[in-house]
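# Fold and geometry: a report
Now for the letters of each chain:
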Amino acid sequence: MNSFFSIIHIAAPLLLVTIGALISEYAGRMAMFLECLINIGAFFCYAFTIATGNLFCAMLFSVVCCTTTVVLFERIASHYHANMFLVSLAMNMLFAALATLLSASLFGTRGVLYSQAFLFNAKKIRAITTVLCYTLSVLQIAMLHHTTLGLTIRVTGSDADMLNAQGKSAGLYKTISWVFAAANGSLCGCVLAARLSSYVPGMSAGRGWTALAAVFLGKKHPLFVVLAVLVFAIAEYAGTTIQNIPLFSSIPSSLLLSLPYAVSLVLIIAVPQHKDAVSD
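Residues numbered from 1 in each chain as written. Predicted model: local features only at pLDDT ≥ 70, side-chain atom pairs only at ≥ 80, totals over all residues. Heavy atoms only, no water.

Our focus in this paragraph is the overall build of the chain. Helix and strand counts for the chain stand at twelve helices and zero strands. Mapped from its N terminus to its C terminus, the chain presents α and β elements in the order α-α-α-α-α-α-α-α-α-α-α-α. Scored against the burial criterion, the 280 residues of the chain give a buried share of 45%. Long-range contacts, defined here as pairs at least 24 residues apart, represent 78% of the contacts in the chain between residues at least 6 apart. Carbon and sulfur atoms make up 70% of the accessible area of the chain, which totals about 13600 Å². (Helix = DSSP H or I, 4+ residues; strand = E, 2+ residues; numbered from the N terminus. Buried < 20%, exposed > 50% of the residue type's maximum accessible area, 1.4 Å probe, protein only. Contact = heavy atoms within 4.5 Å. Areas by Shrake-Rupley, 256 points an atom, 1.4 Å probe, with all protein chains shown as cover.)

This is the structure we're talking about:
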C-alpha cells in the first residue's frame, strides 16, 4: 500500500506537466522548453518564497513570470514568422542559463539552495501538492473535452485552416496552448522544489522530456497518456527503491536511477506511432 501511494505521489507533478504538453500538442506546437522551464519555475518558487515568506504567493509569482516570458517570446517569434520548434528549443537553453545566472547573482552560488524560510513538513506538502496536481490535471482534461476553448484547441493542430476560414485565429489558440504548457511546467517545478524544501539545479531530472514521451506514447489520448505517466512513475519508484535490495546493491546507483529513461526509450521504440499533423 505504501508503494502504491508513493507511485501516486511521484506521478502527480509529472502528470501535470504532461497535460500541459498534451494541450500544446493538440494545438500543433511541441513544447520543447518544458525541461528547463521546470527548473526555472522551481528557482523562482524558492526565490519568491525567500522574498515574501509565503509559498502560495511564490508559486503564483513563479507561474506568472514563467508564463509571461514564454508568451512574450512566442509573440515576438510569431510576428517575425520564426520556426516555433527552434524557438521552443532556444527557450529551453535560455531557461537553463537563466536559472544558473540568477542563482549566482542573487544567492552567490550555482549549487543547491536551502534556507529555514524554505522548509516545509514533507508529508503535509507532498499530500497538498499531489491533490493540487491531480485536481488541475483533471480540470484541464475536462476543459479539453467539454468546453469551447478546449475543443477549439484540439481542432487547431489538425485543421487550422478551417478555424481561420471561420474568422477565428489559429495563432491565438496556439499561443493559449503554450500558456497552459508554461503554467503547468513552472508549477511542476514549484511542486518539486517545495517537496524537497530546496532548489537543486537540474531538479526537473528529465521530466520535461518524459512528459513529451508520454504524450506520444499515449497517442494524444488522455487515458493512454495517464497510463504512460503511471508507467514512468513506477519505473522511477523502482529505480529509487531497488537500490535497497541486496541483490542489486552491486549495480551503480546512477544506472538504477536511469531506469525511467531506459523504459521510455524502449517504449518509444516498441510502440508504433501514427503520423500526425506536423507541429510548428
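What follows concerns the confidence of the model for the chain. Mean pLDDT over the chain works out to 89, with 87% of the residues at or above the 70 mark. Across the chain, element-level confidence peaks in helix H2 (residues 34-52) with a mean pLDDT of 97 and bottoms out in helix H11 (residues 253-257) with 59. (pLDDT = per-residue confidence, 0-100.)

Below, the discussion takes up the pattern of salt bridges. Evaluated as defined, the whole model comprises three salt bridges. Between Arg75 and Glu74 there is a salt bridge whose closest N-O contact spans 2.8 Å. Taking relative accessible area as the criterion, Arg75 reaches 42% and is therefore assigned partly exposed. Looking at Glu74, the relative accessible area reads 0%, which means it is buried. (Salt bridge = Lys/Arg side-chain N within 4 Å of Asp/Glu carboxyl O.)

Moving on to the nonpolar core. Among the nonpolar cores identified, the biggest contains 74 residues, and Phe33, Leu34, Leu37, Ile40, Val70, Phe95 and Tyr199 are the most heavily contacted of them. If near-sequence neighbours (up to four positions away) are discounted, Tyr199 is found in contact with Asn39, Ala42, Phe43, Tyr46, Ala99, Gly111, Val112 and Leu113. (Core = buried A, V, L, I, M, F, W, Y, C linked by side-chain atoms within 4.5 Å.)

With that out of the way, let us pick up the packing of H2 against helix H9 (residues 207-217). Remark: H2 packs on H9, axes separated minimally by 6 Å, with the N-to-C direction vectors making an angle of 135 degrees. Looking at the two axes, H2 sits oblique to H9. Crossing geometry of H2 relative to H9 is assigned as right-handed. Contacts between H2 and H9 pair Leu34, Glu35 and Ile38 from the former with Arg207, Gly208 and Trp209 from the latter. Across the contact of H2 with H9, the residue classes break down as three nonpolar, one polar and two charged. (Axes fitted to C-alpha atoms, helices over the stretch in contact; angles between N-to-C directions. Parallel < 35°, antiparallel > 145°, perpendicular 65-115°, else oblique. Left-handed = near helix turned anticlockwise from the far one by under 90°. Nonpolar A, V, L, I, M, F, W, Y, C, P; charged D, E, K, R; others polar.)

Compared with an ideal rise of 1.5 Å per residue, which puts 25 residues at 36 Å, helix H3 (residues 55-79) spans 36 Å between its outermost C-alpha atoms and is within 8% of the ideal. Restricting attention to buried positions, one finds in H3 the residues Leu55, Ala58, Met59, Ser62, Val63, Cys66, Thr67, Val70, Glu74 and Ala77. Packed against the buried residues of H3 are H2, helix H4 (84-107), helix H5 (122-146) and helix H8 (170-196). At the N-terminal end of H3, a side-chain oxygen is found 2.9 Å from the backbone nitrogen of Phe56, two or three residues along, and the residue is Asn54. The first or second residue beyond H3 is His81, which carries a positive phi of 55 degrees. (Expected span 1.5 Å × (residues − 1). Polar contact = N/O pair within 3.5 Å; in protein donor to acceptor, adjacent residues only side chain to side chain.)

The phi torsion at Ser197 lies on the positive side, around 55 degrees, for a residue other than glycine. One can find Ser197 in the loop between H8 and H9. Ser197 gets classed as buried once you look at its relative accessible area, which sits at 12%. For Lys219, which is not a glycine, the phi torsion comes out positive at approximately 50 degrees.

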